[in-house]
Amino acid sequence: MDLIVEVEYMYTMRQINYSIVFRNHKHFDMNEREDMGRRLYEACLSGSVPALDALIEKDQLILDRVSSLACFSDDTPLHVAALRGHLDLTKALLARKPKLATEIDSLRCSPLHLASAEGHVEIVRELLRVNTDVCIACDQDGILLFCFRIVYNLYLFF
C-alpha cells in the first residue's frame, strides 16, 4: 500500500513541476522564435557564450526547439560550434544539453565528425568525454570513417 501512495505522490509532484514550468514559460510568436533562432545561430557562429546565456535566460527551451528553427535546418548549435572550433561554446552547450552530442545532420555527421575533420582536438576530447558512442556513427554513405578521421587527426597534432 505504501508503494502505491509513493508512486501516486511522485506522479502528482511531476505534474505539478511540469505545470510550474509551462505556467512560467513565455509563449513566443513565429517571428519572435525565428528572430531568437537567428540570434542563436549568430551566437554559435561567433562563439559567444554570453549571447547564448542571454537567449536561454529569455527562453529556457530554445535548445529544445532548434529543429523547428529555419536557420538550423540541417544542424544543431553544437554542429556549428564544433565546426567553427569554439571550445567554450561547445562546453556551454554540452553542459545545458548533452544530447546535442548525439545529433546528426542531413549528411549523417555528428558534431564529433565535424570537429575531427577540422582538427579541433580539444573539442573532440570534450565531445568524447560526454558521449563515446558517437564514434560508431556512419556517414551519409554508410561508411564508418569517423574513427579513422579521429585517429588520423589526433596523430597529426601529437
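Thresholds, definitions, all that
- Residues numbered from 1 in each chain as written.
- Predicted model: local features only at pLDDT ≥ 70, side-chain atom pairs only at ≥ 80, totals over all residues.
- Heavy atoms only, no water.
- Helix = DSSP H or I, 4+ residues; strand = E, 2+ residues; numbered from the N terminus.
- Buried < 20%, exposed > 50% of the residue type's maximum accessible area, 1.4 Å probe, protein only.
- Areas by Shrake-Rupley, 256 points an atom, 1.4 Å probe, with all protein chains shown as cover.
- Core = buried A, V, L, I, M, F, W, Y, C linked by side-chain atoms within 4.5 Å.
- Contact = heavy atoms within 4.5 Å.
- Salt bridge = Lys/Arg side-chain N within 4 Å of Asp/Glu carboxyl O.
- Axes fitted to C-alpha atoms, helices over the stretch in contact; angles between N-to-C directions.
- Parallel < 35°, antiparallel > 145°, perpendicular 65-115°, else oblique.
- Left-handed = near helix turned anticlockwise from the far one by under 90°.
- Nonpolar A, V, L, I, M, F, W, Y, C, P; charged D, E, K, R; others polar.
- pLDDT = per-residue confidence, 0-100.
- Arc of directions from axis to C-beta.
- Polar contact = N/O pair within 3.5 Å; in protein donor to acceptor, adjacent residues only side chain to side chain.

(A) Geometry of the overall build of the protein. Counting its secondary structure elements, the protein contains 8 helices and 0 strands. Across the protein, helices and strands are ordered from the amino to the carboxyl terminus as α-α-α-α-α-α-α-α. Scored against the burial criterion, the 158 residues of the protein give a buried share of 36%. Accessible surface, the protein as shown: approximately 9,800 Å² in total, 57% of it carbon and sulfur.

(B) Just the nonpolar core, in detail. Ranked by internal contacts, the top residues of the largest apolar core, which has 26 residues, are Leu 40, Leu 52, Leu 63, Leu 93 and Leu 127. The set of elements that each furnish at least two residues to this core consists of α2 (30–46), α3 (49–58), α4 (77–84), α5 (87–96), α6 (111–118) and α7 (121–130). Contact partners of Leu 52, with chain neighbours within four places excluded, come to Leu 40, Ala 43, Leu 63, Leu 89, Ala 92, Leu 93 and Arg 96.

(C) Seen up close, the environment of Pro 50. By the secondary structure assignment, Pro 50 is in helix α3. For Pro 50, a relative accessible area of 60% translates into the label exposed. Considered as a pair, Pro 50 and Ala 92 are 42 residues apart in the sequence and their alpha carbons are 9.9 Å apart.

(D) The pattern of salt bridges, seen in detail. This structure, assessed with the given rule, holds 9 salt bridges. Ionic pairing is found between Arg 39 and Asp 35, a salt bridge with its closest N-O pair at 3.9 Å. Here Arg 39 pairs with Asp 35, and both are found in helix α2, just 4 residues apart, close to one helical turn. Residue Glu 122 pairs with Arg 125 through a salt bridge whose shortest N-O separation is 2.6 Å. Highlighted residues: Glu 122 and Arg 125, both in helix α7, separated by 3 residues, approximately one helical turn. Owing to a relative accessible area of 43%, Glu 122 belongs among the partly exposed residues under this scheme. The class for Arg 125 is partly exposed, based on a relative accessible area of 39%. A cluster of three or more residues bridged by salt bridges with shared partners is formed by Asp 35, Arg 38, Arg 39 and Glu 42.

(E) Structural context of the packing of α4 against α5. Direction vectors running N to C along α4 and α5 enclose 155 degrees, while the axes themselves pass 9 Å from each other. Compared by their axis directions, α4 and α5 come out roughly antiparallel. Of the two possible hands of crossing, α4 and α5 adopt the one that is left-handed. Residue-level contacts link Pro 77, Leu 78, Ala 81 and Ala 82 of α4 to Leu 89, Thr 90, Leu 93 and Leu 94 of α5. Of the residues contributing to the contact of α4 with α5, the split by class is 7 nonpolar, 1 polar and no charged.

(F) Seen up close, the confidence of the model for the protein. In the predicted model, the protein carries a mean pLDDT of 76, and the fraction of residues at 70 or more is 61%. Predicted confidence in the protein is weakest over helix α1 (residues 2–24), with a mean pLDDT of 48, and strongest over α5, with 97. Under a pLDDT of 50 for its full length, residues 16–25 has, in the predicted model, 3 contacts with residues more than four places off or in other chains.

(G) Geometry of the packing of α4 against α6. One can describe the packing of α4 onto α6 by two numbers: an axis separation of 8 Å at closest approach and a directional angle of 10 degrees. Taken together, α4 and α6 sit at an angle that is classed as roughly parallel. Where α4 abuts α6, its residues Leu 78, His 79, Ala 82 and Leu 83 lie against Pro 111, Leu 114, Ala 115 and Glu 118.

(H) α3, seen in detail. The set of residues buried in α3 consists of Val 49, Leu 52, Leu 55 and Ile 56. For α3, the buried positions fall inside an angular range of 120 degrees around the axis, keeping them on one side. Summarising the geometry of α3, the exposed residues directed more than 90 degrees from the buried face are Pro 50 and Glu 57. The N-cap residue of α3 is Ser 48: its side-chain oxygen and the backbone nitrogen of Ala 51 are 3.1 Å apart.

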